[in-house]
Amino acid sequence: MYRTFLKVCGLKHRQDVDKLKGLDLDAVGLILVPGRKRSVSREEAKELVSRLPQKLDIVGVMMDPEPEEVMAWMSLIPLDRIQLHGEESPSLCRRIKVETGIPLVKAIHLDEKGEGNQEPGEYAPWVDVVLLDSVLKGVRGGTGVSFPWMKISDYQQRWSPYGIPVWVAGGIHPDNVEKLLRTHQPAGIDVSSGTETEGRKDREKMNQLVKRVRIYDKRKSNSGTSRTLR
């Protein structure tokens, strides 16, 4: 069976969580970086997790955290993955991976030319997924702006020899997700602002995006293509 890993990120309000009921998602993301517009406090994170309507991977999004900070969050909420969105070095990724024992998603932020500087060989032993995202005026992720998608294949080729799947984020919404899937076939999609209206998660937008992704997956499955989730 072919399946695109699908994550909705930036849950902030209890109503955001309630709107997920029945949606065929794989994961949700909580922004655990202070000072971002979708950041959640420790109390908010606990409440949101307790209200999840179905079993979904819980991804904690952090930026250049100390391992002690990661472990503190893990003692509070049952994280299934950690998504690193800063300038984390390979050695920091190694420490976090060894100490937590759970999958790591490493974000690579691409500028308007689609350039990033992480070397696969240095990170591959410690990360499980690479996430390509945009950077806008120094803001990493959550901008609603896409990087040049024509660069996706370059990164897929770089990371493929190491068996590391590539996810894509940045500027994805229901109206362009099919084009992204057909043209570039990312292993996963991470969406935030593209499923919001006036800063709140929009049930209809999320539903439309999920439907279009799963219709694509069904077509790929019927063609005999298969892919295991990471």
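Refer to the preceding data block for the structure.
Rules used throughout
All residue numbers here refer to positions counted from 1 along the written sequence of the relevant chain. Restriction of local features to residues with pLDDT of at least 70 applies here, the model being predicted, together with a cutoff of 80 or more for giving and counting side-chain atom pairs; totals for whole chains, interfaces and linings are based on all residues. Water and hydrogen atoms play no part in the side-chain values, which are based on all heavy atoms of the structure. Put simply, DSSP marks the helices as runs of H or I at least four residues long and the strands as runs of E at least two long, and each gets a number from the N terminus on. The criterion used for residue contact is that any of the two residues' heavy atoms lie within 4.5 Å. Method for areas: the Shrake-Rupley scheme with a 1.4 Å probe, in which residue coverage is limited to the protein chains shown. For the charge count, each Lys or Arg is scored as positive and each Asp or Glu as negative, with His and the chain ends excluded. Taken as the charge centre is NZ of Lys, CZ of Arg, CG of Asp or CD of Glu, depending on the residue. Partly exposed describes any residue whose relative accessible area lies between the buried limit of under 20% and the exposed limit of over 50%, with all areas from a 1.4 Å probe on protein chains only and scaled to the type maximum. Nitrogen and oxygen atoms within 3.5 Å of one another constitute a polar contact, given that in protein one can donate a hydrogen and the other can accept it, and given that sequence-neighbouring residues count only through two side-chain atoms. Strands are treated as partners if at least two bridges between them are detected by DSSP. Throughout, nonpolar core names a set of buried Ala, Val, Leu, Ile, Met, Phe, Trp, Tyr and Cys residues whose side chains join them through atoms within 4.5 Å. Stacked, tilted and edge-to-face are the three classes applied to pairs of Phe, Tyr and Trp rings, where Trp contributes its six-membered ring and a pair requires centres within 6.5 Å; stacked means planes under 30 degrees apart, edge-to-face means over 60, and tilted covers the rest. Just to be clear on terms, a salt bridge is a Lys or Arg side-chain nitrogen sitting within 4 Å of an Asp or Glu carboxyl oxygen. For this quantity, the arc is that covered by the directions from the helix axis to the C-beta atoms.

(A) Representation of the overall build of the chain in the model. Of the regular secondary structure elements, the chain holds 8 helices and 11 strands. On the principal axes, the C-alpha backbone points of the chain span a range of 45 × 40 × 35 Å. Residue pairs at least 24 apart in sequence account for 65% of intrachain contacts in the chain once pairs closer than 6 positions are excluded. When the accessible surface of the chain is split by element, carbon and sulfur atoms take 48% of a total near 10,500 Å². Considering the chain, the positive charge centre built from 37 side chains and the negative charge centre built from 32 side chains are found 5 Å apart.

(B) Main features of the environment of Thr4. Residue placement: Thr4 occurs in the segment before β1 (5–9). For Thr4, a relative accessible area of 0% translates into the label buried. Once the C-alpha coordinates of Thr4 and Arg51 are considered, the two residues, 47 residues apart in sequence, prove to be 25 Å apart. Each residue touching Thr4, except ones within four places of it in the same chain, is listed here: Asp26, Leu181, Pro186, Ala187, Gly188, Ile189, Val213, Arg214, Tyr216, Asp217, Arg227 and Leu229. A polar side-chain atom of Thr4 sits 2.8 Å from a polar atom in the side chain of Asp217.

(C) Looking closely at the pairing of β1. By the criterion of burial, β1 is predominantly enclosed, with 5 of the 5 residues buried. Neither face of β1 is open: one carries Phe5, Lys7 and Cys9, the other Leu6 and Val8, and all of them are buried. Note: β1 against strand β2 (residues 27–31), 3 bridges, orientation parallel. What sits directly across from Val8, in β2, is Val28.

(D) Summary view of the environment of Pro103. Its place among the elements puts Pro103 in the loop between α4 (90–100) and β5 (104–110). As a C-alpha pair, Pro103 and Gln83 span 20 residues in sequence and 8.7 Å in three-dimensional space. Beyond its immediate stretch of four places on either side in the chain, Pro103 contacts Asp80, Arg81, Ile82, Lys97 and Asp128.

(E) Summary view of the nonpolar core. By size, the foremost hydrophobic cluster in this structure holds 56 residues, and its most contacted members are Leu20, Leu30, Ile82, Leu132 and Trp159. Excluding its chain neighbours within four sequence positions, the residues that come into contact with Trp159 are Ile108, Pro120, Tyr123, Ala124, Val127, Val130, Ile164 and Val166. With 9 residues, the next largest nonpolar core counts Ala27, Val129, Trp167 and Ala169 among its residues.

(F) Region of the structure containing the packing of aromatic side chains. Under the counting rule described, the total for this entry stands at 2 aromatic pairs. Arranged with centres 5.9 Å apart and planes meeting at 75°, the rings of Tyr2 and Tyr216 form a pair that is edge-to-face. Of this pair, Tyr2 sits in the segment before β1 while Tyr216 sits in helix α8 (residues 203–222), and the two are 214 residues apart along the sequence. Side by side, Tyr2 and Tyr216 carry an identical accessibility label, which is buried.

(G) Quick peek at the pattern of salt bridges. Taken as a whole and judged by the stated rule, the model has 18 salt bridges. With a closest N to O distance of 2.9 Å, Arg38 and Glu196 form a salt bridge. In this pair, Arg38 is assigned in the loop between β2 and α2 (42–50) and Glu196 in strand β10 (residues 196–197), connecting sequence segments 158 residues apart. Several salt bridges share partner residues, and in doing so they unite Arg3, Asp24, Asp26, Arg214 and Asp217 into one network.

(H) Highlighting α2. For α2, the complete set of buried residues consists of Ala45, Leu48 and Val49. Viewed along the axis of α2, the buried residues span an arc of 95°, placing them on a single side of the element. Set apart from the buried face of α2 by more than 90 degrees, the exposed residues are Glu43 and Ser50. On its buried face, α2 is in contact with α1 (14–18), β2, β3 (57–62) and α3 (67–76).

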